[in-house]
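Single-letter residue listing:
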Amino acid sequence: MERSRSNGGEHVNNAYDSTLDEPPHYEEASRAVRPSVVSAFGHDTLDRVPNIDFYRNAGSVSGHRAVRPSLQELHEVFQKVSARHLCSLHLFLSGTPYDPDLESAVPIDKGGVKFGWIRGVLVRCMLNIWGVMLFIRLSWIFGHAGWGLGIVVIVLSCVVTTITGLSMSAICTNGVVRGGGAYYLISRSLGPEFGGSIGLIFAFANAVAVSMYVVGFAETVVDLLKDNDVLMVDEINDIRIVGCITVVLLLGISVAGMEWEAKAQIVLLIILLVAIVNVIVGTFIPVTESKKATGIFNYNSKIFLENFTPDFRHGETFFSVFAIFFPAATGILAGANISGDLRDPQAAIPKGTLLAILITGVTYLGIALCVSATVVRDATGNINDTVTPGVPCTGPSIAACELGYNFSSCAETECEFGLINNVQVMTLVSGFGPLIIAGTFSATLSSALASLVSAPKVFQALCQDNIYKILHFFAKGYGKNNEPIRGYILTFIISVAFILVGDLDTIAPIISNFFLASYALINFSCFHASYAKSPGWRPAYKYYNMWLSLLGALLCCVVMFVINWWAALLTYGIEILLYIYVTVKKPDVNWGSSTQAVTFVSAVGNALSLSGVNDHVKNFRPQILALTGGARNRPALLDLAHSFSKNYGLCLTCEVFVGPRSEALEEMNSGMERNQLWLRKTKRKAFYAAVACDEFRQGAESLLQASGLGRMKPNTLMIGFKRNWRTAGTEGVQTYVGILHDAFDFEYGTLILRMDQGLDVSHLVEAEETPVSAEHEMNKAAKIDTMQPKKHIYVKIRYILKLLEASAQFKKKQPKGTIDVWWLFDDGGLTLLLPYILTTRKKWKDSKLRIFIAGQPGRSDLDKQEMKSLLQKFRINCTDINVIDDIHIPPRADRKLDDMIEPFRLHEESKDSAPWKITDEELSTFEEKTNLQIRLNELLQENSKSANLIVVSMPIARKGVSDFLYMAWLDILTKDLPPTLLIRGNHKSVLTFYS
């Protein structure tokens, strides 16, 4: 049996380094003796003590990956006697240094700026959460909801973000976190399908968020210009002009580098903190009469109690108010989004994010309660609206009446001041109004700057993984910090486009839903990883709960619909489409996701459940063990086996490595993953299995007995016909027939495929595993020996072309024709079931079944009717039923069989006593059997010469019959025919007509 050296036609993804996320492949490398080994054990040894360097990935910037001795080196160290190994062993044990354990592709640390948890996470998250909501909308929210429900709004928002923060903390501390923020966390947890879909929309959401924040800033500037009557053109165009100029300035800060961006964030934070303190200080300053007229007083318990209950107006509800506030809380990923620029993201992200949620939540509550205790809901702004004796003081602000002001007119006409009516309450309450404007500028610009940095960073990480190949252009980074300049430019273009032509009021809820979808998947990632119970899920952060994470994911989904139902549906639709796209494209990455872990747990659970179910004929499935000699060596055999088992059963393509144990094991181990990868790449739903043995039959016997798991165990052996049996030698023939005997002993159904051109293309598979093609083989054949006559070259080329065509015959769509089934012996129905399965395949849909059965002379019609009735009960359709009633006729005189067996005969007068030879007595005993095979071949030539596939009941290899005689029967039976499949079931029913 040829051994496959295939790498499976493995596709190379130039942008993705699998060693960054997979367990490294340790190759034999030079190693220096480490003193710790000697000091630990008192003597030197090839073994190594545990060390962190052995567990690093290639490309680690925190240290070089070391290569530990392989198991084979330790196992065989005293058996290696070659000069090279003796020299290596001497160097190991003597302490002579070899080259250090360095990765050839380890990137050099260029000294890029790295941030701690305060500047990198805490500051960014606080700036992103403290938005214009703090100064513009917070008073309006508490005016409608009252401080009772207002607290619920803030607390509920903080609950969602806190749960998300806890989930993110668990994921961050379950291994090294690289650049990419939310995309990196989700993709490494749930896999590229979820990560690729959410990564793209998350990056887009950040890019559009830049325009939203900049427009908020521009609107405030234009309001100031309008108040001072210095508009440039008009309000709309002035907003566009100011917005574009602002984005250009922010882009300049971002491109200048993360250090400049971080300094700008610190300045903006100081301004924002001063503005917040200004509001709180303003509530303690004694108010003037003009301020009282606008509904602003000093702290008063009556005002506080009056503002406790909700007073929803203009169709507002709790959910609409909540939907307006919640986007303010969507800044918790600002620190995680620059995870690649953090000094220690595992420690920084949990600490900075959770502390930012706490600080901002307390700030929102504190300022809201301060305003609720000092400002009434409605006020006229008229200092003359005081309480007059004898004039009733009613209306919405009873507390104002007791404080000397009568705002009863607000019950009839809408007033301009108060919590509900005036969005500039914070400016009026504060000690110095312009500082609130500065705070508004700071809040909008800091959020815009954070989004302008986050979008390119996340997008670059997505492009570097090459999940969307068309976007790989944006993967390149520049400078010591690997800045995504191309991503910055793209984000700038998107932002300017939305500033100029975008309807931001419409796009705002979609962006909020994009962020919430990211939060939902982060929570679900934590739940999924915990649920999978993978040994690799060991987060250092312990303050999380899988069910709390699931609750967080559900809350995020609910909030998406609360904010805007159609935006939520649109978000889900886009994510599903991207998920399907990535799934179909199957990116060449393996990150050990929890999806894989859950799949494994589910598979084991299903296998165990299945093992408790008894077999039933209705649930019979062809589970085929195909001895292909490697995944690529006999593609026609594999394709036909795959057609039988796809979606119906199990297919194992198996290989036996024969030879010295050390060599066979080395070759087998190196090919296991490669062959399985090739099967997956070529979309063949099969498993690869291999064994190493001293004898081929012994290996095949091991596969027949031990393959499979529980009920998912092969029940059918499929093997190619041994075309060279006459020249293979006694041992080769005995091994081949012995495998058939073993299959019958183990009650396997048995299939033998014969094609005139042969099945084995292993000699055409290059050592470097380039794909086999007709053009490549023709060129190679022509270069073999230029001294050969051209006639010989053409003959070889024709042979190669025919072999390649035959090897791909069952991979392509079959032409219109028939599958001729010669069901001569009742074997339980396998001979009929397998051809029927073929007709259900798209490639075989134009091939119709024709059934041939043996019949007695004189009752052909009755036999045909009985078979027709049986097929109807089996619900198997066929185009024709043919009764062959002349099988018993002796075959025409032909010397082909005699010529086949002549070299293997033991004549009576011969003195040779070889036990494997065919004696005259044996030939005479089985004369009728022999004649039957010859006669069947004649009938097959007459009736099935043009069939796409011939299926024939296989004669059983009975014990006691010479192996060479049996091979002659198989040979003469299938000679000079289209592709022929010999089938013999295990004589247990695989068909039933009972329901």
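No experiment lies behind these values; they were computed from the predicted model shown.

1. So, the overall build of the protein
For step 1, the next point in the chain: Scanning the protein from terminus to terminus reveals 33 helices and twelve strands.
For step 2, the next point in the chain: Looking at the 995 residues of the protein, the share that counts as buried comes to 50%.
For step 3, the next point in the chain: Within the protein, residue pairs in contact and separated by at least 24 positions form 80% of the contacts whose partners lie at least 6 positions apart.
For step 4, the next point in the chain: Summed over its atoms, the accessible surface of the protein is roughly 46,000 Å², and 59% of this surface lies on carbon and sulfur atoms.

2. A few points about the sheet that holds strand β5 (residues 749–754)
For step 1, the next point in the chain: If you trace the ten strands from one edge of the open sheet to the other, you get β3-β2-β1-β4-β5-β12-β11-β6-β7-β8, paired in mixed fashion. Two strands close off the open sheet at either side, each with one partner strand: β3 (687–693) and β8 (880–884). Neighbouring strand axes in the sheet, compared pairwise and without regard to direction, differ in orientation by 20 degrees on average.
For step 2, the next point in the chain: Bridging between strand β1 (residues 624–627) and strand β4 (residues 716–720) involves four bridges; their strand directions are parallel. When the sheet's bridge partners are listed, L625 is paired in β4 with L717.
For step 3, the next point in the chain: Running over the sheet, helix α22 (residues 635–645) touches β1, β2 (651–658), β4, β5 and β12 (980–984) and is turned about 155 degrees from β4.

3. Some details on helix α7 (residues 192–227)
For step 1, the next point in the chain: Here α7 contains 36 residues, and its C-alpha end-to-end distance of 52 Å stays within 8% of the 52 Å for a straight helix at 1.5 Å per residue.
For step 2, the next point in the chain: Taken from the residues just after α7, D229 is the one with a positive phi, measuring 55 degrees.

4. A word on the confidence of the model for the protein
For step 1, the next point in the chain: Counting all residues, the mean pLDDT for the protein is 80, and 83% of those residues have values of 70 or more.
For step 2, the next point in the chain: Confidence drops under a pLDDT of 50 for residues 1–35, and excluding neighbours within four residues, the segment shows 111 contacts in the predicted structure.
For step 3, the next point in the chain: Within the model, the stretch residues 80–110 combines pLDDT values under 50 with 39 contacts to residues more than four positions away or in other chains.

5. Observations regarding the packing of α7 against helix α16 (residues 433–464)
For step 1, the next point in the chain: Between α7 and α16, the shortest axis-to-axis distance is 8 Å and the interhelical angle comes to 160 degrees. Between α7 and α16, the angle falls in the class roughly antiparallel. Of the two elements, α7 crosses α16, and the hand of that crossing is left-handed.
For step 2, the next point in the chain: Here the residues of the contact of α7 with α16 sort into 20 nonpolar, ten polar and no charged.

6. Let's talk about unusual backbone geometry
For step 1, the next point in the chain: Unusually for a residue other than glycine, D976 sits at a positive phi of about 55 degrees.
For step 2, the next point in the chain: Its place among the elements puts D976 in the loop between α33 (963–974) and β12.
For step 3, the next point in the chain: Not every positive phi belongs to a glycine, and H987 is a case in point at roughly 65 degrees.
For step 4, the next point in the chain: Mapped onto the secondary structure, H987 falls in the segment after β12.

7. Here we look at the side chain of Q265
For step 1, the next point in the chain: Note that Q265 resides in helix α9 (residues 258–282).
For step 2, the next point in the chain: The residues touching Q265, leaving out its near neighbours within four places in the chain, are V123, R124, L127, S446, L449 and A450.

8. Re the packing of α7 against helix α20 (residues 565–585)
For step 1, the next point in the chain: Running from N to C, α7 and α20 point in directions that differ by 130 degrees, and their axes come no closer than 8 Å. It follows that α7 is oblique to α20 by the angle criterion. Crossing geometry of α7 relative to α20 is assigned as right-handed. Contact with α7, carried on its side by P192, E193, F194, S197, I198, L200 and I201, involves T571, I574, E575, L578, Y579, V582 and T583 of α20 and no other residues of that element.
For step 2, the next point in the chain: Counted by class, the contact of α7 with α20 contains nine nonpolar, three polar and two charged residues.

9. A closer look at the pattern of salt bridges
Here the idea is simple: oppositely charged side chains can pair when their charged atoms come close.
For step 1, the next point in the chain: Scanning all chains against the criterion turns up 17 salt bridges.
For step 2, the next point in the chain: One salt bridge in this structure joins E289 and K292, with 3.7 Å as the shortest N-O distance. Taken together, the residues span about one helical turn, with E289 and K292 both in helix α10 (residues 289–293) at a distance of three residues.
For step 3, the next point in the chain: What makes K292 partly exposed here is its relative accessible area of 22%.
For step 4, the next point in the chain: As a salt-bridge pair, R697 and D742 come within 2.9 Å of each other at their nearest N and O atoms. Of this pair, R697 sits in helix α24 (residues 696–706) while D742 sits in helix α25 (residues 729–745); the two residues are 45 residues apart in sequence, bridging distant segments of the chain.
For step 5, the next point in the chain: For R697, a relative accessible area of 32% puts it in the partly exposed group.
For step 6, the next point in the chain: When salt bridges that share partners are traced, they join D311, R313 and D378 into one network.

10. Focus on the packing of aromatic side chains
For step 1, the next point in the chain: In the structure shown here, the tally under the stated rule is 30 aromatic pairs.
For step 2, the next point in the chain: With a centroid separation of 5.6 Å and an interplanar angle of 75 degrees, the aromatic rings of Y541 and Y543 are classed as edge-to-face.
For step 3, the next point in the chain: According to the relative accessible area criterion, Y541 is buried, its value standing at 18%.
For step 4, the next point in the chain: Relative to Y572, the ring of F561 has its centre 5.9 Å away and its plane inclined at 35 degrees; by these criteria the two rings are tilted. Separated by eleven residues along the polypeptide, F561 in helix α19 (residues 546–563) and Y572 in helix α20 bring together distant segments of the chain.
For step 5, the next point in the chain: Overall, Y572 belongs to the partly exposed group, its relative accessible area being 25%.

Here is what the cut-offs are and how they apply
- Residues numbered from 1 in each chain as written.
- Predicted model: local features only at pLDDT ≥ 70, side-chain atom pairs only at ≥ 80, totals over all residues.
- Heavy atoms only, no water.
- Helix = DSSP H or I, 4+ residues; strand = E, 2+ residues; numbered from the N terminus.
- Buried < 20%, exposed > 50% of the residue type's maximum accessible area, 1.4 Å probe, protein only.
- Contact = heavy atoms within 4.5 Å.
- Areas by Shrake-Rupley, 256 points an atom, 1.4 Å probe, with all protein chains shown as cover.
- Pairing = 2+ DSSP bridges.
- Axes fitted to C-alpha atoms, helices over the stretch in contact; angles between N-to-C directions.
- Expected span 1.5 Å × (residues − 1).
- pLDDT = per-residue confidence, 0-100.
- Parallel < 35°, antiparallel > 145°, perpendicular 65-115°, else oblique.
- Left-handed = near helix turned anticlockwise from the far one by under 90°.
- Nonpolar A, V, L, I, M, F, W, Y, C, P; charged D, E, K, R; others polar.
- Salt bridge = Lys/Arg side-chain N within 4 Å of Asp/Glu carboxyl O.
- Phe/Tyr/Trp six-rings, centres within 6.5 Å; stacked < 30°, edge-to-face > 60°.

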